[in-house]
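Next come the chains, spelled out residue by residue.
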Amino acid sequence: MEQKSVILCAMLLSACFLDAQRVLYSPIINNRNLIHFEVAGKTSAYYWILKEENSRTKHYSLPQQNFEVYNSRLKLVNNDLLFPISANTKKEYLVASKYYFDRLLLLEDSGKTNLFLQRFSEDGSQYSTGKIVASFPFNEPGNSFLLLRSEDKSKILLLCFEFLPSSPPSLHTILFDSNWGQLLYKIYQHPFISQPIIQDDFVSYPIESFEGTPVQLANSGEWMMAAPSRTDNNFLLFHFCNDGSGFSFKEIKLPSSSELEDLALTINNARGEASAGLLSKFHYRALKNVQVVHYSLENQQFDFDSSYRFSTLSGNQLKNDNLVNERFVTVPGNGFILLKEYGRVFQEGADDIGWSPSSFFADNNFSNPVISSYDNSNGYTKFNKLVSMASEYQRGDLALFFFPAQKNDSCWSALISKQQITEMNSPNLSYVFFPEKEKLALLYNSFLNSGEDQYGSSTYIDKQGNILHDGGLAFWKFDLFLNFQQARQIDANEIAVPYKDNQRSGFAIIEF
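As the structure is a prediction and not an experimental result, all values here were calculated from the model.

Chemist: Help me understand the sheet that holds strand β3 (residues 34-42), please; the structure alone is not making it clear to me.
Modeler: Hydrogen bonds along the backbone pair up the strands of a sheet, which may run parallel or antiparallel. Taking strand neighbours across the sheet as the criterion, the four strands line up as β3-β4-β5-β6 in an open arrangement whose pairing is antiparallel. Strands at the two margins of the open sheet, each flanked by one partner only, are β3 and β6 (76-84). On average, adjacent strands in this sheet sit at an angle of 25° to one another, irrespective of strand direction. Looking at chain direction, strand β4 (residues 47-53) and strand β5 (residues 64-70) are connected through five bridges and run antiparallel. Bridge pairing in β5 places lysine 51 opposite asparagine 66.

Chemist: Would you explain the sheet that holds strand β21 (residues 273-282) in this entry?
Modeler: One open sheet accounts for four strands, arranged β20-β21-β22-β23; its pairing is antiparallel. The sheet terminates laterally at β20 (259-268) and β23 (301-311), the two strands that pair on one side only. If you compare each strand with its neighbour and ignore which way they point, the axes differ by 15° on average. Where strand β22 (residues 284-296) and β23 come together, ten bridges link them in antiparallel fashion. Within β23, the position partnered with serine 296 by the bridge is glutamine 301.

Chemist: I'm lost on the pairing of strand β25 (residues 335-342) in this one. Help?
Modeler: Moving residue by residue along a regular strand, the side chains alternate between the two faces of the sheet. Most of β25 sits inside the fold, with eight of its eight residues counted as buried. What sits between the antiparallel neighbours strand β24 (residues 323-331) and β25 is a turn of three residues, in which glycine 333 has the positive phi angle 80°. In terms of strand pairing, β25 meets strand β27 (residues 397-404) through seven bridges, oriented antiparallel. Paired with isoleucine 337 across the two strands is phenylalanine 402, which belongs to β27.

Chemist: Honestly, the pairing of β4 in this entry has me stumped. Any pointers?
Modeler: Of all seven residues making up β4, six are buried, and the element is well covered by its neighbours. Hairpin connection between β3 and β4: a loop of four residues separates the two successive antiparallel strands.

Chemist: I keep staring at the side chain of serine 194 and nothing clicks. Help me out?
Modeler: By secondary structure assignment, the location of serine 194 is in the loop between β14 (182-188) and β15 (203-204). You can call serine 194 buried: its relative accessible area is 8%. Within the structure, serine 194 has its side chain in polar contact with the backbone oxygen of proline 228 (distance 3.1 Å). Each residue touching serine 194, except ones within four places of it in the same chain, is listed here: Phe161, Pro169, Met225, Ala227, Pro228 and Arg230.

Chemist: Could you clarify how one ought to interpret the packing of aromatic side chains in this entry?
Modeler: For any two aromatic rings, the description comes down to two numbers: the centre-to-centre distance and the angle of the planes. For the structure on display, the rule yields 31 aromatic pairs. Where phenylalanine 83 meets tyrosine 127, the ring centres are 5.3 Å apart and the plane angle is 85°; that geometry is what we call edge-to-face. Placement of the pair is phenylalanine 83 in strand β6 and tyrosine 127 in the loop between β9 (112-121) and β10 (131-136), with a sequence separation of 44 residues. A relative accessible area of 47% means that tyrosine 127 is categorised as partly exposed.

Chemist: Quick question: what am I supposed to make of the environment of glutamate 53 here?
Modeler: Relative to the elements of secondary structure, glutamate 53 occurs in strand β4. Linking glutamate 53 and histidine 36, residues 17 residues apart in sequence, is a C-alpha distance of 6.9 Å.

Chemist: What exactly am I supposed to notice about the nonpolar core here?
Modeler: Buried together is how nonpolar side chains tend to be arranged in soluble globular proteins. Counting residues in hydrophobic clusters, the biggest one holds 26 residues, and the most contacted among them are Val290, Val292, Tyr308, Phe328, Met389, Phe401 and Phe403. Secondary structure elements with two or more residues in this core: β22, β23, β24, β25 and β27.

Chemist: Just to check I follow, could you spell out unusual backbone geometry for this structure?
Modeler: In the Ramachandran plot, lysine 153 falls in the positive-phi region, its phi being about 65° despite a non-glycine side chain. You will see that tryptophan 180, though not glycine, has its phi angle at about 65°, which is positive. Tracing the sequence through the fold places tryptophan 180 in the loop between β13 (170-177) and β14.

Chemist: Honestly, the pattern of salt bridges in this entry has me stumped. Any pointers?
Modeler: Working definition: two side chains of opposite charge can pair if their charged atoms are close together. Overall, the coordinates contain eleven salt bridges when judged by the stated rule. With its nearest N and O atoms 2.6 Å apart, the salt bridge here joins arginine 271 to glutamate 273. For arginine 271, a relative accessible area of 47% translates into the label partly exposed. The buried category is assigned to glutamate 273, whose relative accessible area is 13%. If you follow the salt bridges from partner to partner, you end up with Glu261, Lys288, Glu326 and Lys340 in one network.

Chemist: What is the right way to look at the environment of alanine 45 in this model?
Modeler: One can find alanine 45 in the loop between β3 and β4. Owing to a relative accessible area of 30%, alanine 45 belongs among the partly exposed residues under this scheme. In the structure, alanine 45 is positioned 54 residues away from tyrosine 99 in sequence and 8.9 Å away in space, judged by C-alpha atoms.

Chemist: How do you make sense of the confidence of the model for the protein when you look at a structure like this?
Modeler: Parts of the prediction with low pLDDT should not have their coordinates interpreted in detail. Put simply, the protein has an average pLDDT of 84, and 81% of its residues get 70 or more. The low-confidence segment residues 1-19, where pLDDT is below 50, has 23 contacts with residues more than four positions distant or belonging to other chains. The model gives residues 348-355 a pLDDT under 50, and that stretch makes twelve contacts with residues more than four places away or in other chains.

About the thresholds
- Residues numbered from 1 in each chain as written.
- Predicted model: local features only at pLDDT ≥ 70, side-chain atom pairs only at ≥ 80, totals over all residues.
- Heavy atoms only, no water.
- Pairing = 2+ DSSP bridges.
- Helix = DSSP H or I, 4+ residues; strand = E, 2+ residues; numbered from the N terminus.
- Axes fitted to C-alpha atoms, helices over the stretch in contact; angles between N-to-C directions.
- Buried < 20%, exposed > 50% of the residue type's maximum accessible area, 1.4 Å probe, protein only.
- Polar contact = N/O pair within 3.5 Å; in protein donor to acceptor, adjacent residues only side chain to side chain.
- Contact = heavy atoms within 4.5 Å.
- Phe/Tyr/Trp six-rings, centres within 6.5 Å; stacked < 30°, edge-to-face > 60°.
- Core = buried A, V, L, I, M, F, W, Y, C linked by side-chain atoms within 4.5 Å.
- Salt bridge = Lys/Arg side-chain N within 4 Å of Asp/Glu carboxyl O.
- pLDDT = per-residue confidence, 0-100.

Next comes the structure, spelled out in structure tokens:
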């Protein structure tokens, strides 16, 4: 009874400390013209919100951005930040740092591209009229650019892949310090260089070290990129020097019969190493190959390379009839995890063929142990190897498969079963996966007493997949629906999650 009183008091204050978690709720963002909002970032003690409103009710001809700033207790302190977007803007990057919030606009100007910077104080009370910090002597679409930031936020790298007819792109790179002072401008031309990803949103954010994207910037200014080879089915891991003196690359070989689905890259600045994981499939999406390499930045060579072949379904199942989403994510310093979430059960047909899927692997080293029965009474079950845990998955089931990037570590798999009511056509999982120091958090919505109301909850496991009963307390019921499918990590230890209160909206900040 005493514990319930403490939790109720914390709810009324809209904030609570629960072991390593701190959860804050914003006031309702009340604007009937609002069509979208998102947490754009955090300065030292302030959160910046980007709002998009229905322009038909406004009296201006150009699109306009509206920023709101909240303090560390999520109290609104500034909402008088309105800025139009000019017609010659090709892309915008929003960059939150410790003391400033920056808008970097890529502007088309008479055959060149100007990088126009507007800087705000941490609470938005002061801002500059702006200045040009660099230029490219050509025009390229906004999707040709990538912006990266190092883990310690001391370096920013802008990449531009310039299209050249009948030849590989020319790679333009500008390295900045945290105040947008230019440290290096270098152009690379090589027949093997290709663009690994696209930041296709008009309003984008820098690629951070915790995101695991296939291009990463080290604190030293070195950077790495995993990109498809232009000559065969394999991939190349590029290592670019921080002084512009050149780059090296190593080949990552994939099975010739496989097709790449996803890849992830992470840099460990403290140990001077990097790990890359490549997920591919064999004709059917359930048959997987994961290639993991460990790379020494100092020695510029691989010191670990392993391949894992397995099926994510049991028996003769080959088609994920009710699969709704997959994600391949990094566990920094340890390896990679494949997450597979399932939706409604497909009602027509069960088996695809009457023979083993091992025949799809040429070297016949495929193993697919089937677990006939296991205890999943607490909603989580872990196995000490790669296994197919079920022949039929229910909505909200999340399968996890871990692949180590260290020589002395081993694979494991797990299944968490928490019924979800979410958008099954969403590009994101119903679960948020968050690596926290020596443990991993899974955030999701749970039903209260088998009723219809859902509340934010969590499950903690260690990096060997074992459940931690004291790893972190579940989020309390707050009569608010946390939309984890739209969650966004805004800092190394913080996640922003929108919430719904009937038809009204706000956001929650979860600090780890």
